[in-house]
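As a plain string of letters, each chain reads:
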Amino acid sequence: MTNAKTMIKVDHISKYFGPLKALNDVSLELHKGEIVVLIGPSGSGKSTLIRAINGLEKPEEGKIYIEDQLYDPKNKKYAAQRMKMGFVFQHFNLFPNKTVLENLTLAQIRVLKRSEVTASEIAMKYLKRVGLDDKASQYPNKLSGGQKQRVAIARSLCMNPEIMLFDEPTSALDPEMVEEVLEVMQDLGKEGMTMIIVTHEMGFARTVADRVIFLENGSIVEENTAEAFFDHPASDRAKLFLSKVMH
C-alpha cells in the first residue's frame, strides 16, 4: 500500500471543544485503495477525526492535505477537494419529504449540474447496486433503518467520490440490519474504493481493514494491520479494549 498515491494526509491536528481536547496531535495517511478502520472507546475522538477530514470540524492546530493539496476553506480548490469525499452518517440524513430517487438526484442536479435524466439513470444504477431499485418511488419513512443506510451510501456514490468516509454507519441500526449495510461496504472495498470507517463492529473491522488505528482520549495509541492488531495488540490499552469488546 505504501507505494500507492497518498489520498489524505492528516498532519498533527488538534481539535478543542471548549476545554476538552477532542483530538490531540493526530497524524495519519490514507493511500489510494486502502481501507483504514478507526476504533476505540466512546469519546476517543474517532468521529471528530473523520468529521475534520471531511471539513465538518475545523482543527485549531495542524493541517490536512487531500492529494498533496492543503485542505482549507480559504483555498479555491476546497469545494472540489470536498467533492472527492463521500460521507455516510450514523443517522442517514435523508430528506424525509423526498422520494428515495429524489434523495439521490438532488445533489447531482444542483451541484454536478447533471440533467434530470442523467441523474436518474445514475441514481437507479446505484440503487440497484445496493439492492433497492424497487424502492425508488418510496419515501424514507417507509424504509427500514438498514435500507435507509443503503440509500445513504448509494446517494454518496452518485457523486463519484474517490474516498468514502463512514461515521459509525451501523450504530443506529437494529442488529439484524447491520449485516446488509456491512455487505455493501465490503463490496465497495473489494472494488478498490478508498475508505475510512469508524465502527464498533470488530468482526467487520478485522475482515475488511488494511489498517486499524486505535484511538483513546483524542490520540492515536496504536496502528497496525488488522491481523496484527487483533491477534497481537501491542499496547496495554488496546489489549484491555479488545478483551472487553471481543467477548
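Treat the numbers as computed from the prediction; the structure is a model and nothing was measured.

**Examining the overall build of the protein**
A count of helices and strands for the protein gives 9 helices and 10 strands. Taken over the C-alpha trace, the protein has a radius of gyration of 18 Å; the compact-globule value for 247 residues is 18 Å, and the two agree within 12%. Each principal axis of the C-alpha distribution contributes one length, and for the protein these read about 55 × 45 × 40 Å. The burial tally for the protein puts 51% of its 247 residues in the buried class. Look at the contacts in the protein between residues 6 or more apart in sequence, and 66% of them connect residues 24 or more apart.

**Some remarks on the sheet that holds strand β10 (residues 219–224)**
Taking strand neighbours across the sheet as the criterion, the 6 strands line up as β6-β7-β8-β3-β9-β10 in an open arrangement whose pairing is mixed. Where the open sheet ends on each side, the last strands, each with one partner, are β6 (85–88) and β10. In this sheet, neighbouring strand axes are inclined to one another by 15° on average, regardless of whether the strands run parallel or antiparallel. Here 5 bridges tie strand β9 (residues 211–216) to β10, and the two strands are oriented antiparallel to one another. Across the sheet, V212 pairs through a bridge with N224, a residue of β10. Against the sheet, helix α1 (residues 46–54) touches β3 (35–39), β6, β7 (163–167), β8 (194–198) and β9, its axis set at about 145° to β7. Helix-sheet contacts for helix α6 (residues 175–190) involve β3, β7 and β8, and the interaxial angle to β8 is about 150°.

**Notes on the UniProt feature "domain: ABC transporter" (unreviewed entry) in the protein**
Per the UniProt record, "domain: ABC transporter" (unreviewed entry) is found at residues 8–242. Along residues 8–242 one finds 38% helix and 26% strand; the C-alpha atoms at either end are 28 Å apart.

**Some words on the sheet that holds strand β4 (residues 61–66)**
Taken in spatial order, the 4 strands make up an open sheet running β2-β1-β4-β5, and their pairing is antiparallel. At either margin of the open sheet sits one strand with a lone partner, and together these are β2 (20–31) and β5 (69–70). With respect to the sheet, α1 is in contact with β1 (6–17), β2 and β4, its orientation differing from that of β1 by roughly 120°.

**Observations regarding helix α4 (residues 116–129)**
Under the 1.5 Å per step criterion, the end-to-end length of α4 is 20 Å for 14 residues, consistent within 8% with the ideal 20 Å. Buried within α4 we find A119, I122, A123, Y126 and L127. When α4 is viewed along its axis, its buried side chains cluster within an angular range of 135° and face the same direction. For α4, the exposed residues lying more than 90 degrees away from the buried face are V117, E121, K125 and K128. Residues of α4 that are buried sit in contact with α3 (100–110) and α5 (145–157). Of the residues flanking the end of α4, it is G131, one or two places downstream, whose phi is positive at about 75°.

**Some points on the pattern of salt bridges**
Two side chains bearing opposite charge may form a pair once their charged atoms approach each other closely. In this structure the tally under the stated criterion is 13 salt bridges. The residue K84 makes a salt bridge to E162 at a minimum N-O spacing of 3.4 Å. Taken as a pair, K84 in the loop between α2 (78–83) and β6 and E162 in the loop between α5 and β7 lie far apart in primary sequence, 78 residues in all. Judged by its relative accessible area of 22%, K84 is partly exposed. Its relative accessible area of 30% is what places E162 among the partly exposed residues. One salt bridge in this structure joins E223 and R211, with 2.4 Å as the shortest N-O distance. Placement of the pair is E223 in strand β10 and R211 in strand β9, with a sequence separation of 12 residues.

Here is what the cut-offs are and how they apply
- Residues numbered from 1 in each chain as written.
- Predicted model: local features only at pLDDT ≥ 70, side-chain atom pairs only at ≥ 80, totals over all residues.
- Heavy atoms only, no water.
- Helix = DSSP H or I, 4+ residues; strand = E, 2+ residues; numbered from the N terminus.
- Rg over C-alpha atoms; globule rule 2.2 N^0.38 Å.
- Buried < 20%, exposed > 50% of the residue type's maximum accessible area, 1.4 Å probe, protein only.
- Contact = heavy atoms within 4.5 Å.
- Pairing = 2+ DSSP bridges.
- Axes fitted to C-alpha atoms, helices over the stretch in contact; angles between N-to-C directions.
- UniProt positions renumbered as here; feature names shortened; annotations may be inferred.
- Expected span 1.5 Å × (residues − 1).
- Arc of directions from axis to C-beta.
- Salt bridge = Lys/Arg side-chain N within 4 Å of Asp/Glu carboxyl O.

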